Amino acid sequence: MSRQNHFPAVALIALLVSTYGVVPTLAESLAPVMGDQANNDIAASLPMLGRTYPIHYQISTERVAERFTGLLVRLDLSVEPGSTTTLDVPDQLTSHLSASGFVIDGGDWIGGGAVPKDDKLALKAASPHVTITYHILSDGSEDLNADSQHMVLHANWFSMRGDESLVIPEGRGTASASVDVSELPGWTVTSNLTGPVPLSQVGDSIFLGGSNYRVMSRTVSGATFRLAYPTALSNKAAALLDAASTIMTAERRFWGTPAKPVYIGLIELKDDADFSGRGLQGGFSLYLGDAVEHKSWLRLIAHENLHNWISRSIGGFPATDSNLEAWLNEGFTEAYTARLLLSSGLWTEQDYIDDWNISLARYGTSPVKTAPNSRILVDRQRDYDVNKLPYDRGRILAVILDQKFRTKTHGRVGLDDVLRAQMLDAKHNEKAARVISADQLFPEVAKRLTGLDLTDDLGRFIDRGESLSLGPDTLGACVTVNIVTQPVFDRGFDLHATFKAHGVLTGLESGGPAEKAGLREGDKLRIDETPTNDSRVTLSYRVDDGDGQSHTVSYRPIGTGTVSFQQLAARAIRPKTCSSNVAWGWKSAPATLAKRPHRKETP
Ligand SMILES: [Zn+2]
């Protein structure tokens, strides 16, 4: 079972993931998997780009007495003699730096500071070529723990992002920069960077490899799709590559975007059930425990890859207060994630229904269900329920608006058409240097295409947070929309305060469900749960008894009163109007998507 959002450790990651869109620049495209050109055991060769580019990084793996000791980074910089250059130094770098610090050749440090205090180094050039070198040290550990997405350099592998390891010259963002990696014999080292990029994109990179790394690739229509993986995850690699390519291709085709090469770097997590992702220039890194379900990481890839378009290609984020736009950025992404996973054949109809039901239950039981949009700006980073709200609210609004558009235009225009037209508008705006963020552009384009003025709807359901409900046929004729009524959720103690007190049970409700189950104020709990407000879910806590002993307390978090929310169910008998698929807007989905076995229609 996935614990992507379990509390507290990964909940924090989940908050960051959703807030900052952990995969900000996932590759836009992926060539379809046709000829299976799995290419195991061959290291991806990073082209030698020589010194023709004004800014060049060389990363070399280093060994002393047959042991990997770390990395040597060399930066070659073309500069005007006598000029000064400031280097930005990632703060993560300083803790991994060797005692020799930053060594300069062809110039001098201003202020002589080899190790910077303010994460800046200034140099004065004495020649047209300045070289800076530094060593990043391995901690020598054999431990495969990479619970965070931070730089790790172990005894036989490493994972390091450009923005935490490379010093970057200031004020030269558009200059062309290249990075080469030379690896130890028997090692495989890969990167998402395969050629020169603007310097501003050098940080958006990963360097990943070791003696235990392999590369698998698929190349179709000139676009190569590479997966770098540790041998411990060999059993997952091919399935991951195939599924990722299928969904990424489906998404690219949906938006009509041309194919481009994709890099996926896989990093094993020690905790079997944890996973997360992070976007990079032309690809992403995926942090995966061995026991993470296929369904879970697939959803993560599908969601994060869609952020290439929503909101990035349809107007982008507002210049300030981007959380006010999360209803579109996250909510519409959620709606399309499920729909494209279904239409590409990677999800069954039941997977799709189950996924909708998680959203509908979370929305329906949310203590902040009717919070105004401004609350998301204020509390998104610190409140789990507020954080999840735009995902669910925006998702439900997306399908309701799709239905409204279709009704108004007699089936001619749906949400797909509006968003695709919005992508073209955004391109024109960009060329004309006009800035209209996705949330502002959306109602404009919707009005032009459908005649519908969304001012009232967006005011009610987004700004003021009025409750949203699916209509009986919003998601088509294949599913029924039912109301579930159940007891309200009551944990019986204050989870947040308990977490802050490092697991010491705080805020026990007298006579509440936790107390009835035997928990007491001051009990030392081990908390590892996916936050929910659903009283159907049994809670379970390990309580420390001291002396290394513990016991487990489990109970249903049933409070007084009831709550009602919507849930979907597949129709047992399918009406003729039900197509072979439950996804909303199915008729407009591209016919090029992968075929899947269709269930026979029952007349
Ligand atoms: Zn997202």
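Above: the structure in question.
Being a predicted model, the structure only gives us computed values, none of them experimental. (Residues numbered from 1 in each chain as written. Predicted model: local features only at pLDDT ≥ 70, side-chain atom pairs only at ≥ 80, totals over all residues. Heavy atoms only, no water.)

(A) The arrangement of the overall build of the chain in detail. Helix and strand counts for the chain come out as 15 helices and 24 strands. Each of the 603 residues in the chain was classed as buried or not, and the buried ones make up 55%. As displayed, the chain offers around 24900 Å² of accessible surface, 53% of which is attributable to carbon and sulfur atoms. (Helix = DSSP H or I, 4+ residues; strand = E, 2+ residues; numbered from the N terminus. Buried < 20%, exposed > 50% of the residue type's maximum accessible area, 1.4 Å probe, protein only. Areas by Shrake-Rupley, 256 points an atom, 1.4 Å probe, with all protein chains shown as cover.)

(B) Molecular detail of the nonpolar core. Counting residues in each nonpolar core, the largest one holds 80 residues, and the members touching the most others are Trp255, Trp297, Phe332, Phe405 and Phe442. No fewer than three residues from each of domain 2 (55-295) and domain 3 (322-476 + 579-594) sit in this core. Once you skip the residues sitting within four places of it in the chain, Phe442 turns out to touch Trp327, Leu328, Phe332, Leu401, Phe405, Leu415, Val418, Leu419, Gln422 and Leu454. One finds Phe68, Leu75, Leu97 and Ile132 within the second-largest nonpolar core, a separate group that totals 42 residues. (Core = buried A, V, L, I, M, F, W, Y, C linked by side-chain atoms within 4.5 Å. Domains from an automatic or database assignment. Contact = heavy atoms within 4.5 Å.)

(C) Quick look at the coordination of the zinc ion. Protein coordination at the zinc ion comes from His303 (NE2), His307 (NE2), Glu330 (OE) and Glu330 (OE), with a distance range of 2.0 to 2.8 Å. Geometry at the zinc ion is irregular, judged from its 4 donor atoms and the angles of 51 to 146° they form at the metal. As a motif over one chain, the donors of the zinc ion read H-x3-H-x22-E. A residue pair is termed long-range when its members are at least 10 positions apart, and His307 in the loop between helix H5 (294-306) and helix H6 (326-329) and Glu330 in the loop between H6 and helix H7 (331-343) qualify at 23 residues. According to the relative accessible area criterion, His307 is buried, its value standing at 5%. Residue classification places Glu330 among the buried positions, given a relative accessible area of 1%. (Donors = N, O, S within 2.8 Å, 3.2 Å for Na, K, Ca; no water. Tetrahedral: all angles 85-135°; square planar, octahedral: opposite > 155°, others 65-115°.)

(D) Molecular detail of the pairing of strand E22 (residues 539-546). Summarising the sheet, strand E21 (residues 524-526) and E22 pair through 3 bridges and their orientation is antiparallel. Bridged to Lys524 within E22 is Asp544. When E22 meets strand E23 (residues 549-555), the two strands line up antiparallel, connected through 7 bridges. Bridging from a neighbouring strand, Gly546 pairs with Gln549 of E23. Where E22 hands over to E23, the hairpin turn is made up of 2 residues, of which Asp547 adopts a positive phi near 55°. (Pairing = 2+ DSSP bridges.)

(E) The environment of Ala335, seen in detail. In this fold, Ala335 is placed in helix H7. Judged by its relative accessible area of 1%, Ala335 is buried. For the pair Ala335 and Asp392, spaced 57 residues apart in the sequence, the C-alpha separation amounts to 8.8 Å.

(F) Representation of the sheet that holds strand E3 (residues 84-88) in the model. Strand order in the open sheet formed by 4 strands is E5-E6-E3-E10, with antiparallel pairing between adjacent strands. A single partner strand is all that each edge strand has here, and the edge strands are strand E5 (107-109) and strand E10 (168-169).

(G) Region of interest: the packing of helix H10 (residues 384-408) against helix H13 (residues 455-463). The geometry of H10 relative to H13 is characterised by a closest axis approach of 11 Å and an angle of 160° between their N-to-C directions. For the element pair H10 / H13, the angle class is roughly antiparallel. As H10 runs across H13, the sense of the crossing is right-handed. Along its contact with H10, which presents Arg393, Leu397, Leu401 and Lys404, the element H13 presents Asp457, Leu458, Phe461 and Ile462. A per-class count over the contact of H10 with H13 returns 5 nonpolar, no polar and 3 charged. (Axes fitted to C-alpha atoms, helices over the stretch in contact; angles between N-to-C directions. Parallel < 35°, antiparallel > 145°, perpendicular 65-115°, else oblique. Left-handed = near helix turned anticlockwise from the far one by under 90°. Nonpolar A, V, L, I, M, F, W, Y, C, P; charged D, E, K, R; others polar.)

(H) Here's a closer look at the packing of helix H11 (residues 415-431) against helix H12 (residues 438-450). Contact pair H11 / H12: the axes reach a minimum separation of 9 Å and the direction vectors enclose 120°. For the element pair H11 / H12, the angle class is oblique. Note that H11 runs across H12; the crossing there is right-handed. Contact residues: Leu415, Asp417, Val418, Leu419, Ala421, Gln422, Asp425, Ala426 and Asn429 in H11; Ala438, Leu441, Phe442, Val445, Ala446, Arg448, Leu449 and Thr450 in H12. The class makeup of the residues in the contact of H11 with H12 is 11 nonpolar, 3 polar and 3 charged.

(I) Geometry of the packing of aromatic side chains. By the definition in use, this model includes 15 aromatic pairs. Plain terms: the ring middles of Tyr541 and Tyr555 are 6.4 Å apart, the flat faces sit at 40° to each other, and that makes the pair tilted. Residue Tyr541 is located in strand E22, and its partner Tyr555 is located in strand E23; the two are separated by 14 residues in the primary sequence. Looking at Tyr541, the relative accessible area reads 0%, which means it is buried. A relative accessible area of 6% means that Tyr555 is categorised as buried. One aromatic cluster in this structure is built from Phe254, Trp255, Trp309 and Tyr336. Over the aromatic face of Tyr391 sits the side chain of Lys388, whose NZ or CZ is 4.9 Å from the ring centroid. (Phe/Tyr/Trp six-rings, centres within 6.5 Å; stacked < 30°, edge-to-face > 60°. Lys NZ or Arg CZ within 6 Å of the ring centre and 35° of its normal.)

(J) How the structure looks around the sheet that holds strand E2 (residues 67-78). Spatial strand order, E4-E7-E2-E1-E11-E13: 6 strands in an open sheet with mixed pairing. The sheet is open, and its two borders are formed by strand E4 (103-105) and strand E13 (197-198), each paired with just one other strand. Here E2 runs beside strand E7 (residues 129-137); their pairing, made up of 9 bridges, is antiparallel. The residue bridging Asp76 from the neighbouring strand is Thr131, located in E7.

(K) Region of interest: the pattern of salt bridges. The tally for this structure, following the rule as stated, stands at 25 salt bridges. For the salt bridge of Arg339 with Asp416, the shortest nitrogen-to-oxygen distance reads 2.8 Å. Taken as a pair, Arg339 in helix H7 and Asp416 in helix H11 lie far apart in primary sequence, 77 residues in all. Classification of Arg339 as buried rests on a relative accessible area of 1%. Looking at Asp416, the relative accessible area reads 0%, which means it is buried. Note that Arg406 and Asp402 form a salt bridge whose closest N and O atoms lie 3.0 Å from each other. Taken as a pair, Arg406 and Asp402 lie in helix H10 at a separation of 4 residues, close to a single helical turn. With relative accessibility at 2%, the residue Asp402 sits in the buried group. A single salt-bridge network, built from bridges that share partners, covers Arg161, Asp163, Glu164 and Arg278. (Salt bridge = Lys/Arg side-chain N within 4 Å of Asp/Glu carboxyl O.)

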